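# Chains, contacts and geometry: an overview
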Amino acid sequence: MDKTANANKKKFVLNYQKVMECLESADFALTGLEIQEELVRISIPESFSISEQPDDTICMLRRLYTIGMCDHVKKISFDHSKCKFLGLSASTIMDIILLTAREYRGKMEKPLELSGKLPQNPMVRDVLLASGLPYHVNAKSKFEYDSTNVEKFETVSGECSNDARQSGRIATELTEYFNRCLLHQSMKLRDEGISLLVTLLGEVLGNCEIHGGEHATWYTQGHYEDNSNKAYGEMQLLFLNLGNTIYQGLKYNSSEETKKRLEYYLERHKLSFSEEWNEEMACTVFALQEGISRLRNRNIKGYEGRGTGTVTLIEALKSIGGSGDGQLPEMTIVSGRTYIKFDGRYNMRMETFQNDLVFGNGEKRILAFNQENDIYRPADSTAVLQMKENFPGTVISLRIYLDSRYIMKAGGEGLDE
């Protein structure tokens, strides 16, 4: 595999001040955590994943931020030895937090040293060495990952702005990256597959660029590896926004048209609100529907179909992202205190509306996460959950398997052998 083909080679530039502003405004640091030691040891759990353990993982990230910003802590030592699954989202957010703490501490002339033990699991170790903390801090290691079996999309970062958007260029680079990963399975995207994926990735990245708020930053990263014990590979993709949550953006920073639609929608849900279904969760689900956009304006051409790029991307990858031995893709959205799990039970379907104050007349693609696919009923509490912890922004985590047997069985639309 020609590694020089990866045009995305530069490490991301971290705006640590904006990260700090975001985390401090969200009260991300833990209160009441007393730290006396100069050396703090952190044991990474067996599953360090926002998708699999959202509350525990966010709590650990908050603890890391609190420790890292404590100026009498001189060194943090990480023990990854028992970790059996390292989620790319959790790993990248940890790196952003630690790099922010190091930059801040350096400016304060109170440097922070990082060290640690590598995972025993070979694939987890490869994720860490290729795409995790050792790579981002240029740490030396006696281990090296097998670059012939690994494809990585190095972290790209940006700031929320209406100017000089990067989404189109990065969407193209991500699509090229996806194609390189498919080559490990002797497959590639057809022209129509390339066009679709660029469009979907462009909308997801575009949302990251414009919906996070004034002080937000965003990131995307990818890691693929062939499984040495299996006939397929595993890919993780991350889309991260540190800033406004989906709920905050929709509720407080929408166009007047969207605010009116949202008011009607929430009024319909008012009697259903409970400990398992609240306003934030309802708004987060609402934001995923066709025609729903924070900036929607009926006078602007092209806004009618907005709001489905993220779900359409997830469903497209989900349809080909399983393995021949039964492994299923894992795809989640975490925003604020809302956790949404895409596990195949609920899918986007066409629904017909008549004189609806939100969706108007005709058909719209709806994913309501309930058996009736009724957007005016609460979502299934096992698919849309309320978390104890609050994440200041949005994390879209994708874990899929690239297996030519599964892809061909699924139809392989847009793919060539």
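Presented here is a report on the structure given in the accompanying data block. None of the values given here were measured: they were computed from a predicted structure.

### Description of the sheet that holds strand 1 (residues 39-43)
What the three strands build is an open sheet, ordered 1-3-5; its pairing is parallel. A strand with exactly one partner marks an edge of an open sheet, and here the two such strands are strand 1 and strand 5 (113-117). Each strand axis lies, on average, 20° off the axis of its neighbour in the sheet, ignoring direction. As paired strands, strand 3 (residues 75-79) and strand 5 are joined by five bridges and run parallel to one another. Bridging from a neighbouring strand, Asp79 pairs with Lys117 of strand 5. Lying over the sheet, helix 2 (residues 54-68) contacts strand 1 and strand 3, oriented at roughly 165° with respect to strand 1.

### A word on the pattern of salt bridges
With the rule as written, the count across this model stands at 23 salt bridges. Close ionic contact of Glu290 with Arg365 constitutes a salt bridge, the shortest N to O distance being 3.6 Å. Residue Glu290 is found in the loop between helix 10 (279-286) and helix 11 (309-320), and its partner Arg365 is found in strand 12 (residues 360-366); the two are separated by 75 residues along the sequence. The closest approach of N and O atoms between Arg399 and Glu330, which form a salt bridge, is 3.4 Å. Placement of Arg399 in strand 13 (residues 384-402) and of Glu330 in strand 10 (residues 330-342) is noted, with a sequence separation of 69 residues between them. By relative accessible area, which is 13% here, Arg399 ends up buried. When salt bridges that share partners are traced, they join Glu52, Glu234, Glu330 and Arg399 into one network.

### Thoughts on the side chain of Glu290
Taking the relative accessible area as the measure of exposure, Glu290 reaches 13% and is therefore buried. A distance of 2.6 Å separates a polar side-chain atom of Glu290 from the backbone nitrogen of Arg365.

### A word on the environment of Asp343
As for its placement among the helices and strands, Asp343 is situated in the loop between strand 10 and strand 11 (349-356). Exposure remark for Asp343: the relative accessible area of 30% places this residue in the partly exposed category. Linking Asp343 and Phe353, residues ten residues apart in sequence, is a C-alpha distance of 27 Å. There is a polar contact of 2.8 Å between the side chain of Asp343 and the side chain of Arg345.

### Some details on the sheet that holds strand 13
Across the sheet, which stays open at both edges, the five strands sit in the order 6-8-9-13-10 with antiparallel pairing between neighbours. At either margin of the open sheet sits one strand with a lone partner, and together these are strand 6 (150-159) and strand 10. Neighbour-to-neighbour, the strand axes of the sheet open up by a mean angle of 15°, direction not taken into account. Alignment of strand 8 (residues 217-226) against strand 9 (residues 233-242), held across ten bridges, turns out to be antiparallel.

### A closer look at the side chain of Gln221
As for its placement among the helices and strands, Gln221 is situated in strand 8. Take Gln221: its relative accessible area is 2%, and that puts it in the buried class. Among the polar contacts made by the side chain of Gln221, one reaches the side chain of Thr92 at a distance of 2.4 Å. Among the polar contacts listed, one links the side chain of Gln221 to the side chain of Thr155, at a separation of 3.2 Å. Non-local contacts of Gln221, meaning those with residues more than four positions away in its chain, are made with Leu88, Thr92, Ser131, His136, Phe153, Glu154, Thr155, Gln236, Leu237 and Leu238.

### Side note on the pairing of strand 1
Sheet faces and side chains relate simply in a regular strand, where the side chains alternate between the two faces. Residue alternation in strand 1 divides its side chains into a buried set, Val40 and Ile42, and an unburied set, Leu39, Arg41 and Ser43. Taken together, the five bridges between strand 1 and strand 3 define a ladder with parallel strand orientation. Residue pairing in the sheet places Ser43 in a bridge with Asp79 of strand 3.

Calculation criteria
- Residues numbered from 1 in each chain as written.
- Predicted model: local features only at pLDDT ≥ 70, side-chain atom pairs only at ≥ 80, totals over all residues.
- Heavy atoms only, no water.
- Pairing = 2+ DSSP bridges.
- Helix = DSSP H or I, 4+ residues; strand = E, 2+ residues; numbered from the N terminus.
- Axes fitted to C-alpha atoms, helices over the stretch in contact; angles between N-to-C directions.
- Contact = heavy atoms within 4.5 Å.
- Salt bridge = Lys/Arg side-chain N within 4 Å of Asp/Glu carboxyl O.
- Buried < 20%, exposed > 50% of the residue type's maximum accessible area, 1.4 Å probe, protein only.
- Polar contact = N/O pair within 3.5 Å; in protein donor to acceptor, adjacent residues only side chain to side chain.

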